[in-house]
Amino acid sequence: MTSGATRRSIGGIALVLAAFLAAGCDSSDDGDQRYPLDDRLRFNHVQAKGTHNSYHVEPDTIFSDEHRYTHAPLDVQLADQGVRQFEIDLHLREDQGFEVFHLPLIDPDTTCRRFMDCLALTRAWSDANPGHLPIVFWLEPKDEADDPALDPEMIPIEGHYDELEAEILSVWPAERILAPDDLRRGLDTLPEAVAAHGWPTLGELRGKAIFSMLDSGEHREAYAAGSPNLNGKLMFVDASDPTDAYAAMFKINNAVSDAERVRTLLEQGFVVTSNTDGVDRSDEDNAKKLAATLAAGSHFISSDLPAPVDGHEYWFDMPGGAPARCNPLTAPAECTSEDVEILP
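Residues numbered from 1 in each chain as written. Predicted model: local features only at pLDDT ≥ 70, side-chain atom pairs only at ≥ 80, totals over all residues. Heavy atoms only, no water.

K.L.:
I would appreciate a short explanation of the overall build of the chain in the present structure.
P.N.:
A count of helical and extended segments in the chain gives twelve helices and eleven strands. The globule rule puts the C-alpha radius of gyration for 344 residues at 20 Å, and the 19 Å found for the chain is close to it. Here the C-alpha coordinates of the chain stretch approximately 55 × 50 × 40 Å along the principal axes. Within the chain, the proportion of its 344 residues that are buried is 56%. Long-range contacts, defined here as pairs at least 24 residues apart, represent 71% of the contacts in the chain between residues at least 6 apart. (Helix = DSSP H or I, 4+ residues; strand = E, 2+ residues; numbered from the N terminus. Rg over C-alpha atoms; globule rule 2.2 N^0.38 Å. Buried < 20%, exposed > 50% of the residue type's maximum accessible area, 1.4 Å probe, protein only. Contact = heavy atoms within 4.5 Å.)

Pasting the structure below:
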C-alpha cells in the first residue's frame with residue numbers, strides 16, 4: 001500500500017505507542033449481530049456529524065468572532081457527541097514532528113498539540129468501540145501561516161509527506177485504514193472504481209479510519225505527483241473534478257449554494273463533506289443552513305457547535321441519528337439509523 005520509507009517508525013516513542021495500542025481490541029470482529037445490513041449498506045449510504053477545526057480551543061484574546069468556540073477532546077467527541085469526522089490543521093516542527101493548531105499567535109490553542117497524541121486518542125476509543133463507523137480525518141496543511149521570523153523551527157510540509165504517513169501508521173496500522181488502493185481494486189482510477197464497484201460495505205469498514213488531505217492546491221498536487229491515481233498512497237485528497245484520477249472525496253464547503261453540484265457528485269457515487277454552521281452566525285441562520293445541508297445529502301457535516309454550549313440555543317443534533325443516520329439521498333429504502341451505528 002505504501003512505500004517502505006512510509007512504513008518506518010519515526011522514532012522510539014512511536015514504536016512504544018504502536019506496541020501498546022496493538023494490544024487493544026481487534027476491530028475486525030464486532031462480536032454481535034447488531035448490523036444485519038452490513039453486507040448491503042456502503043460507506044456512501046450514511047450521513048454523519050463532523051467537526052470543523054476539531055481540536056480548537058477558544059484563545060484568551062479574541063481577534064475574530066469565528067474563533068469563539070472550544071471543542072471537547074477528540075475521544076469525547078466520538079463517545080459523547082457522535083462525531084465521526086474530524087478536520088485537523090497541521091504544522092511541522094523540524095525534528096519534532098507534526099503539530100495541531102489553527103494559526104500562530106492569534107488562534108494557537110488546541111486540545112492535542114502533537115498530531116500523534118490526537119491520533120492516539122481516536123485509536124484508543126476505536127479499540128474500545130470496534131463496531132463504529134469509519135472515522136474520517138481531513139488533514140489540512142496549514143504551514144502557509146507559519147512565519148520563520150516568529151518560529152524558525154516551523155518548516156514547510158511539502159517534501160515531508162512520507163513522514164506524515166509514518167506518523168499515521170505509527171498509531172493506526174495499515175490494516176485499520178481504507179487507503180486509495182483498497183478502493184481502486186486494480187482499476188486505473190478512483191472514479192472508475194467508484195462507478196464499477198462502489199465504496200466498501202459498512203461491514204468491511206467498521207473499526208477503521210480514512211485519511212484525506214484537505215487541500216486543492218500545491219500540497220495536493222505535490223502529494224499526488226508521480227501517482228495521479230494515488231497508487232501506493234495512504235491518504236485520499238480533496239478532489240475538484242470528478243474526472244481526476246484521484247477523485248473520490250470532495251470537500252464542498254457550502255452544500256446549500258452548491259446543492260446542484262453536491263447532488264451530481266452523490267449520484268456519481270462520490271463522498272462529500274460540507275460545513276454547516278458558524279459560531280459567529282445567529283442561531284436562526286445556523287438552524288436553517290443545517291436543515292438545508294442535511295437535505296442536500298452531504299455525507300459528513302462539519303460543525304463548530306456539535307453539542308449544547310452556553311450562549312447558543314442552536315447546536316447540531318443529527319435528526320434520528322444514533323449517532324449517524326441513513327443518507328436521505330443515497331441510502332436504500334430499508335436502511336434505518338440503527339443499521340448504521342448504535343451508540344454503546
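Structure shown, so let's carry the discussion forward.
K.L.:
For this particular structure, what's the right way to read the pairing of strand β3 (residues 97-100)?
P.N.:
Regular strands show a simple pattern: their side chains alternate between the two faces of the sheet. For strand β2 (residues 83-93) and β3, the ladder comprises four bridges, and the chain directions are antiparallel. Pairing of leucine 90 across the sheet is with valine 100, part of β3. (Pairing = 2+ DSSP bridges.)

K.L.:
Could you clarify how one ought to interpret the confidence of the model for the chain in this entry?
P.N.:
Reading predicted coordinates in detail is not appropriate for stretches of low pLDDT. Averaged over every residue, the pLDDT of the chain is 91; residues scoring 70 or more account for 91%. The low-confidence segment residues 1-32 (pLDDT under 50) makes 54 contacts with residues lying over four places distant or belonging to another chain. (pLDDT = per-residue confidence, 0-100.)

K.L.:
What is the right way to look at a nonpolar patch on the surface in this model?
P.N.:
On the surface, Phe63, Leu105, Ile106 and Leu150 cluster together into a nonpolar patch covering about 430 Å² of accessible area. Mapping isoleucine 106 onto the fold places it in the loop between β3 and α4 (115-128). (Patch = residues over 30% accessible without salt bridge, like charges linked within 9 Å, V, L, I, M, F, W, Y side chains within 5 Å. Areas by Shrake-Rupley, 256 points an atom, 1.4 Å probe, with all protein chains shown as cover. Salt bridge = Lys/Arg side-chain N within 4 Å of Asp/Glu carboxyl O.)

K.L.:
Looking at this model, I keep getting lost on the state of the cysteines. Mind explaining?
P.N.:
One covalent bond between the sulfur atoms of two cysteine residues makes up a disulfide. Under the defined criterion, the tally for this structure stands at two disulfides. Linked covalently through their sulfurs, cysteine 112 and cysteine 118 form a disulfide whose S-S length is 2.1 Å. As the torsion about the S-S bond is roughly 100°, the cysteine 112-cysteine 118 disulfide counts as right-handed. With relative accessibility at 4%, the residue cysteine 112 sits in the buried group. Across the chain, the disulfide pattern expressed with sequentially numbered bonded cysteines is 1-2, 3-4. (Disulfide = S-S within 2.5 Å.)

K.L.:
Mind showing me how you'd approach the pattern of salt bridges here?
P.N.:
Side chains that differ in charge, positive against negative, can pair when their charged atoms come close. Taken as a whole and judged by the stated rule, the model has 15 salt bridges. Of the charged contacts in the structure, one is a salt bridge between arginine 68 and aspartate 65, with a shortest N-O distance of 2.8 Å. In this structure, glutamate 341 and arginine 84 form a salt bridge, with 2.6 Å as the shortest nitrogen-oxygen distance. Note that glutamate 341 is positioned in the segment after α12 (337-340) and arginine 84 in strand β2, a separation of 257 residues in sequence. Residue classification places glutamate 341 among the buried residues on the basis of a relative accessible area of 2%. Residue arginine 84 is classed as buried on the basis of its relative accessible area, which comes to 0%. Within this structure, Arg93, Glu99, Asp151 and Glu153 form a network of salt bridges that share partners.

K.L.:
Help me understand the packing of aromatic side chains, please; the structure alone is not making it clear to me.
P.N.:
Here a ring pair, both rings aromatic, is described through the centre-centre distance and the interplanar angle of the planes. What the rule picks out here adds up to eight aromatic pairs. A centroid spacing of 5.7 Å and a plane angle of 85° characterise the contact between tyrosine 161 and tyrosine 223, whose relative ring orientation is edge-to-face. With a gap of 62 residues between them, tyrosine 161 in helix α5 (residues 161-171) and tyrosine 223 in helix α9 (residues 218-224) connect regions that are remote in the sequence. Three or more aromatic residues joined by ring pairs form one cluster here, namely Phe43, Trp199, Phe236 and Phe300. Sitting above the plane of the tyrosine 35 ring, arginine 206 keeps its charged end 3.6 Å from the centroid. We note lysine 233 situated over the ring of tyrosine 223; from NZ or CZ to the ring centre the distance is 4.9 Å. (Phe/Tyr/Trp six-rings, centres within 6.5 Å; stacked < 30°, edge-to-face > 60°. Lys NZ or Arg CZ within 6 Å of the ring centre and 35° of its normal.)

K.L.:
Help me understand the packing of α4 against α5 in this model?
P.N.:
Relative placement of two packed helices is described by the angle separating their axes and the distance separating the axes. Put simply, α4 and α5 touch, their axes get as near as 9 Å, and they point 35° apart. Crossing hand, α4 versus α5: right-handed. Contacts between α4 and α5 pair Phe115, Met116, Leu119, Ala120 and Arg123 from the former with Leu164, Glu167, Ile168, Ser170 and Val171 from the latter. By residue class, the composition of the contact of α4 with α5 is seven nonpolar, one polar and two charged. (Axes fitted to C-alpha atoms, helices over the stretch in contact; angles between N-to-C directions. Left-handed = near helix turned anticlockwise from the far one by under 90°. Nonpolar A, V, L, I, M, F, W, Y, C, P; charged D, E, K, R; others polar.)

K.L.:
Honestly, the nonpolar core in this entry has me stumped. Any pointers?
P.N.:
Looking at soluble globular proteins, one finds that nonpolar side chains tend to be buried together. One finds Phe115, Ile168, Trp172, Trp199 and Phe211 to be the most contacted residues of the largest nonpolar core, which totals 76 residues. When neighbours within four sequence positions are excluded, tryptophan 172 is seen to be in contact with Leu119, Thr122, Arg123, Ser126, Ile135, Phe137, Ile177, Gly207, Lys208, Ala209 and Phe211. With nine residues, the next largest nonpolar core counts Tyr69, Leu290, Ile301 and Tyr314 among its residues. (Core = buried A, V, L, I, M, F, W, Y, C linked by side-chain atoms within 4.5 Å.)

K.L.:
Looking at this model, I keep getting lost on helix α10 (residues 259-267). Mind explaining?
P.N.:
For an α-helix, the turn length of 3.6 residues means that residues three or four places apart are oriented alike. Buried within α10 are the following residues: Val262, Leu265 and Leu266. Buried residues in α10, looked at end-on, bunch into an arc of 100°, giving them a common side. In α10, the exposed positions that point more than 90 degrees away from the buried face belong to Glu260 and Glu267. Glycine 269 lies just past α10 and shows a positive phi near 95°. (Arc of directions from axis to C-beta.)

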